[in-house]
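Listed below, chain by chain, are the residues.
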Amino acid sequence: MYSIIVVPPPTTEDGHNGTYGGTSGDAYGGACTAERTSPQIRLAPGERLPFGRAANGNGLAIAHEGVSRKAGEITAQGAFWVLSNLSAHQTYVVENPEGAGEHIKVGPGRLDAPVPFEFSRIVLPAAGDLLPIEVWAPRHDYLRSPEGLDGATTTPAFSVDRTKRYFAVLAALCEPRLRGEPHAPLPTVDQVVERLRPHWPAASRTSVQWNIDYLAVKLRLKPGPDTADTGPRLNGKKESLVSLALRFDLVREDDLLVLTEPASRAAR
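On a predicted model such as this, the values are computed, not experimentally measured, just so you know.

S.K.: Is there a simple way to explain the packing of helix H1 (residues 165–178) against helix H4 (residues 237–247) in this structure?
M.R.: Two quantities define a packed helix pair, namely the angle between the helix axes and the distance between the axes. In the contact formed by H1 and H4, the axes pass within 10 Å of each other and the chain directions differ by 70°. Between H1 and H4, the interaxial angle falls into the category roughly perpendicular. Across the interface between the two elements, Leu170, Leu173, Cys174, Arg177 and Leu178 of H1 pack against Lys238, Glu239, Leu241, Val242, Ala245 and Leu246 of H4. Its residues assigned to classes, the contact of H1 with H4 shows 8 nonpolar, no polar and 3 charged.

Now the structure itself:
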């Protein structure tokens, strides 16, 4: 069973300039996968794919004078993969195209560096060019929960009710970054009010701000008002909420449906 898919960098035959920093392609400057005719390479767990200028046999040959003859190696490891940098001087960057600038660096000579991203882009510096190799890890393995365990159930880390108005407020705050703009500024309170008003006519600055304050307490970013120590003033409250929500998948793109559906009449 194949678990890792490698998409080679575009070549001149693909109709692209073969560089990462060109004007064509996606928002990150790389060539769009949908436009490529480069074949995909599928790896089963344990299989290795060497790449470089002089790669032969089952390797990935990259015909660029700035790429080392033996540049690196990709190894499938079940549901993830590891990267070995076989070059003597170049650092490779592995980006998460879905993240807000999230990346790891793999230094020269580093072997078997684990890559944690489901969708990844290896960026190879090559004599003034930046060559992208995309690697996908679509396989997901999950634990099957055993039945009939005794004892109390585990308390969830974050308890949110997706039918409540506070969740609609949180979704509205997260929406710009979930729509594919990882560095987008967060909406103002007034913008959140306007976004929610079609399905929450009574939305106001006061009610939205109340829900933001409630979320900060509910998600444990600050102590509740009934505690003796209310903690320091929380600056960047909206940024902290969005960062936490996106980091732990409290709000996903599918959850943006709450912005087009009436929220619960509950106060929160």
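S.K.: Would you explain the nonpolar core in this entry?
M.R.: Soluble globular proteins tend to pack their nonpolar side chains together in the buried interior. Counting residues in hydrophobic clusters, the biggest one holds 31 residues, and the most contacted among them are Val169, Leu196, Val208 and Val251. At the level of elements, H1, helix H2 (189–196), helix H3 (205–218) and H4 are the ones that each hand at least two residues to this core. The greatest single-element share of this core, amounting to 10 residues, is contributed by H1. Not counting the four nearest positions on each side in its chain, Val169 is found in contact with Val192, Leu196, Trp200, Val208, Asn211 and Ile212.

S.K.: Even after reading the chapter, I still don't get H2, so can you show me in this structure?
M.R.: Since there are 3.6 residues in each turn of an α-helix, residues three or four apart along the chain are aligned in direction. Among all positions of H2, only Val189, Val192, Val193 and Leu196 are buried. Seen along its axis, H2 keeps its buried residues to an arc of 105°; they face one direction. Lining the buried residues of H2 we find H1, H3 and H4.

S.K.: Just checking my understanding: could you explain the side chain of Thr75 for this structure?
M.R.: Its place among the elements puts Thr75 in strand S5 (residues 72–77). For Thr75, the side chain forms a polar contact with the side chain of Arg48, separated by 3.2 Å. Those residues in contact with Thr75 that lie beyond four places of it in its chain are Gly46, Glu47, Arg48, Phe80, Trp81 and Val82.

S.K.: Before we go on, may I ask you to explain the pairing of strand S3 (residues 48–52) in this structure?
M.R.: In summary, the side chains of a regular strand alternate between the two faces of the sheet. As paired elements, S3 and S5 share 4 bridges and run antiparallel to each other. From the neighbouring strand, Arg48 faces S5, where its bridge partner is Thr75. In the sheet, S3 pairs with strand S4 (residues 60–61) via 2 bridges, with the strands oriented parallel. Pairing of Phe51 across the sheet is with Leu60, part of S4.

S.K.: Explanation requested: the environment of Arg177 in the structure shown.
M.R.: Examined against the element boundaries, Arg177 turns out to sit in helix H1. Sequence separation between Arg177 and Leu246 is 69 residues, and the spatial gap between their C-alpha atoms is 8.8 Å. Excluding anything up to four places from it in sequence, Arg177 contacts Pro182, Ala184, Leu186, Glu239, Val242 and Leu246.

S.K.: Hey, could you run me through the pairing of S5 in this one?
M.R.: A large share of S5 lies buried, amounting to 5 of its 6 residues. Note that S5 and strand S6 (residues 80–85) share 6 bridges and pair antiparallel. When the bridges of S6 are listed, Glu73 appears paired with Ser84. Between the antiparallel neighbours S5 and S6 lie 2 residues, among them Gly78 with a positive phi of about 70°.

S.K.: So what exactly am I meant to see when it comes to the sheet that holds strand S9 (residues 113–115) here?
M.R.: As a general point, the strands of a sheet are linked pairwise by backbone hydrogen bonds and lie either parallel or antiparallel. Pairing is mixed in the open sheet, where 5 strands are placed in the order S4-S3-S5-S6-S9. Both edges of this open sheet fall to S4 and S9, since each of them pairs with a single strand only.

S.K.: Help me understand the sheet that holds strand S2 (residues 41–43), please; the structure alone is not making it clear to me.
M.R.: Taken in spatial order, the 6 strands of this open sheet run S2-S1-S11-S10-S7-S8, and their pairing is antiparallel. In this open sheet, the two edge strands, each paired with only one partner strand, are S2 and strand S8 (103–106). Averaged over all adjacent pairs, the angle separating strand axes in this sheet is 25°, with direction ignored. Strand direction decides the pairing type here: strand S7 (residues 92–95) and S8, joined by 4 bridges, are antiparallel. In the sheet register, Val93 faces S8, and the bridge partner there is Lys105.

S.K.: Please clarify how the packing of aromatic side chains should be interpreted in this entry.
M.R.: Aromatic rings considered in pairs are described by the distance between their centres and by the relative angle of their planes. According to the stated counting rule, one finds 4 aromatic pairs in the structure shown. Ring centres of Phe158 and Phe248 lie 5.4 Å apart, and the angle between their planes is 45°; on these two criteria the pair is classed as tilted. With a gap of 90 residues between them, Phe158 in the loop between strand S11 (129–136) and H1 and Phe248 in the segment after H4 connect regions that are remote in the sequence. The class of Phe248 is partly exposed, set by a relative accessible area of 46%. The rings of Tyr166, Trp210 and Tyr214 are connected pair by pair, giving a single aromatic cluster.

Conventions we followed
- Residues numbered from 1 in each chain as written.
- Predicted model: local features only at pLDDT ≥ 70, side-chain atom pairs only at ≥ 80, totals over all residues.
- Heavy atoms only, no water.
- Axes fitted to C-alpha atoms, helices over the stretch in contact; angles between N-to-C directions.
- Helix = DSSP H or I, 4+ residues; strand = E, 2+ residues; numbered from the N terminus.
- Parallel < 35°, antiparallel > 145°, perpendicular 65-115°, else oblique.
- Contact = heavy atoms within 4.5 Å.
- Nonpolar A, V, L, I, M, F, W, Y, C, P; charged D, E, K, R; others polar.
- Core = buried A, V, L, I, M, F, W, Y, C linked by side-chain atoms within 4.5 Å.
- Buried < 20%, exposed > 50% of the residue type's maximum accessible area, 1.4 Å probe, protein only.
- Arc of directions from axis to C-beta.
- Polar contact = N/O pair within 3.5 Å; in protein donor to acceptor, adjacent residues only side chain to side chain.
- Pairing = 2+ DSSP bridges.
- Phe/Tyr/Trp six-rings, centres within 6.5 Å; stacked < 30°, edge-to-face > 60°.

It is worth stressing that arrangement in space is one thing and function is another; only the former is reported here.
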